[in-house]
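As a plain string of letters, each chain reads:
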Amino acid sequence: QVQLVESGGGLVQAGGSLRLSCAASGSISRINAMGWYRQAPGKQRELVATSTSGGSTNYADSVKGRFTISRDNAKNTVHLQMNSLKPEDTAVYYCNAVIGILRYRDYWGQGTQVTVSS
């Protein structure tokens, strides 16, 4: 089994910053990608940022220039630095990892709440 444990959520004023972290542990064969998704009340879960094992990154248009994803492959961790936060960034943020060699499987963290007040 694989576990993803997130940390770093909280309440911040608009314009502020937060840093989310996620650590993967357990029976990990190979992590192909790690990333962050978020889900606001009444909305579908959406991609925020992802990072592949090759170093490629992908961001949602709404967070480009404000959020930065980084990985520590040796520690199986991924971080999301969130700057210039807006009230519309309020959501539960979920860590995701795509793990496997010939077969890939998605794993999810339990989620961490990020609330941005105006």
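Look up a bit, the structure's there.
For the structure given in this document, a descriptive report is provided here. (Residues numbered from 1 in each chain as written. Predicted model: local features only at pLDDT ≥ 70, side-chain atom pairs only at ≥ 80, totals over all residues. Heavy atoms only, no water.)

## Focus on the overall build of the protein chain
What counts here: Each helix is a run of DSSP H or I of at least 4 residues and each strand a run of E of at least 2, with the numbering of both proceeding from the N terminus. Based on C-alpha atoms, the radius of gyration is set beside the globule rule, defined as 2.2 Å times the residue count to the power 0.38. Throughout this description, buried means an accessible area under 20% of the type-specific maximum (1.4 Å probe, protein chains only), exposed means over 50%, and partly exposed covers the range between.
Within the protein chain, the secondary structure is distributed over 0 helices and 11 strands. Helices and strands appear in the protein chain in the N-to-C order β-β-β-β-β-β-β-β-β-β-β. The C-alpha radius of gyration of the protein chain comes to 14 Å, within 12% of the 13 Å expected for a compact globule of 118 residues. Principal axes of the C-alpha set define a box for the protein chain whose edges measure 45 × 25 × 25 Å. For the protein chain, the residues scored as buried account for 44% of the 118 residues in total.

## Remarks on the environment of L102
Position of L102 among the secondary structure elements: in the loop between β9 (91–99) and β10 (105–108). Note: C-alpha distance between L102 and A49 (53 residues apart in sequence) is 24 Å.

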